[in-house]
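Here is how the chains run, residue by residue.
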Amino acid sequence: MHIESVGRGADLVLVHGWGMHGGIFAPLSDILRDTFTLHVVDLPGHGFSRDDMHVLDPHAVASALIDRVPRALWVGWSLGGLVTLDAALSFPDRIRGIVEIAASPRFLAAPDWPHGVPLATFEQFESGLLDDYRQVVERFLALEVLGSQNAQAELRELRKHVFERGEPDLDALKQGMRVLENADFRARLSQLAIANLWIAGRRDRLVPSAAMAWASQQNPLGSFVEFSSGHAPFISHAAQVAQAISEFAGGLAP
């Protein structure tokens, strides 16, 4: 996997979401690099890791990364949040804390989980991948900014970055969809032994703010903050998200 390390200061790992790559964090990393040493990951099959053969599974990716980065604060967005969660649960001694940005312990809705994507919406994405994955990615980008006050500007920013490191591998996109469909960390949140911050977008139509508020309450080390954004608050509210991460990091043990 490609990992780009930049900046100075305490170590911080950034893990992106489905169909994207580490470059999508540019608005946030441009701020954080002044006070953190950033280790920006391209997940298997994405960006500069397009030819990486690791299975795109949260535990497999977390296990592959844990020995390649120093003990650090991990920040995961959307699908990347599942990688970060697994890393925190599996390797708590190697992680100072985690920040979950627009990430849910369960992405798909269920009878006992109203805070997820409806199955019909998800199935449309899955079936479309074989026909025209670029169109599916475009629709996913549109969903990410739906409800945001600055939707068009955020969509332009996402489009500018999404293919700048090449096109993602189709098999990796399928694997990522299966992860989003099947992953369910709800029962394991009480086992988190390290501090965890959940950053939500009030206007997010993919991961409801209520899902993240609920997740933050499942263990005594959880905290929650919400911005008036869609699914990509690190683009629309980069300065505020950077401040929330910095303040959270300031309260962590060395």
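Anything mentioned here points back to the structure above.
Residues numbered from 1 in each chain as written. Predicted model: local features only at pLDDT ≥ 70, side-chain atom pairs only at ≥ 80, totals over all residues. Heavy atoms only, no water.

With respect to the overall build of the protein
We apply this condition: Comment: elements are numbered from the N terminus, with helices defined as DSSP H or I runs of at least four residues and strands as E runs of at least two. Atoms counted for the radius of gyration: C-alpha only. Globule rule: 2.2 Å times the number of residues to the power 0.38. Each residue gets one of three labels from its accessible area relative to the maximum for its type: buried under 20%, exposed over 50%, partly exposed in between, using a 1.4 Å probe on protein chains only. The contact criterion used is simple: two residues touch if any of their non-hydrogen atoms lie within 4.5 Å. A residue counts as positive if it is Lys or Arg and as negative if it is Asp or Glu; His and the chain ends are not included. A charged residue contributes its charge at one atom only: NZ of Lys, CZ of Arg, CG of Asp or CD of Glu.
Counting its secondary structure elements, the protein contains nine helices and seven strands. Relative to its length of 254 residues, the protein is compact, with a C-alpha radius of gyration of 16 Å against a globular reference of 18 Å. When its C-alpha atoms are laid out on the principal axes, the protein stretches across 50 × 40 × 35 Å. When burial is assessed residue by residue, the protein has 58% of its 254 residues classed as buried. The long-range share in the protein, meaning contacts at least 24 apart out of those at least 6 apart in sequence, stands at 77%. Within the protein, the 30 negative side-chain charges are centred at a point lying 3 Å from the centre of the 21 positive side-chain charges.

Quick word on the pattern of salt bridges
Keep this limit in mind: The term salt bridge refers to a side-chain nitrogen of Lys or Arg lying within 4 Å of a carboxyl oxygen of Asp or Glu.
Tallied over the full model, the rule gives seven salt bridges. As a salt-bridge pair, D184 and R106 come within 3.3 Å of each other at their nearest N and O atoms. With a gap of 78 residues between them, D184 in the loop between α6 (170-182) and β6 (195-201) and R106 in the loop between β5 (95-101) and α4 (119-145) connect regions that are remote in the sequence. Note on D184: relative accessible area 33%, which makes it partly exposed. Residue D112 pairs with R186 through a salt bridge whose shortest N-O separation is 3.5 Å. Note that D112 is positioned in the loop between β5 and α4 and R186 in the loop between α6 and β6, a separation of 74 residues in sequence. Through salt bridges that share partners, R106, D112, D184 and R186 make up one connected network.

Notes on the sheet that holds strand β4 (residues 72-77)
The condition that has to hold: When DSSP finds two or more bridges between a pair of strands, those strands are recorded as paired. A fitted line through C-alpha atoms represents every axis, and for helices the fit uses only the stretch in contact; the resulting angles, taken between N-to-C directions, go from 0 to 180 degrees.
Here seven strands make up an open sheet; going across it, the order is β1-β3-β2-β4-β5-β6-β7 and the pairing mixed. Sheet topology places β1 (3-7) and β7 (222-227) at the edges, where each strand pairs with a single neighbour. Between one strand axis and the next, the sheet turns by 20° as a mean value, whatever way the strands run. In this sheet, β5 lies alongside β4 in parallel orientation, the contact comprising six bridges. Along β5, the bridge assignment pairs V75 with V99. The strands that helix α3 (residues 79-90) touches are β2 (10-15), β4, β5 and β6; relative to β4, the one it contacts most, it runs at about 145°.

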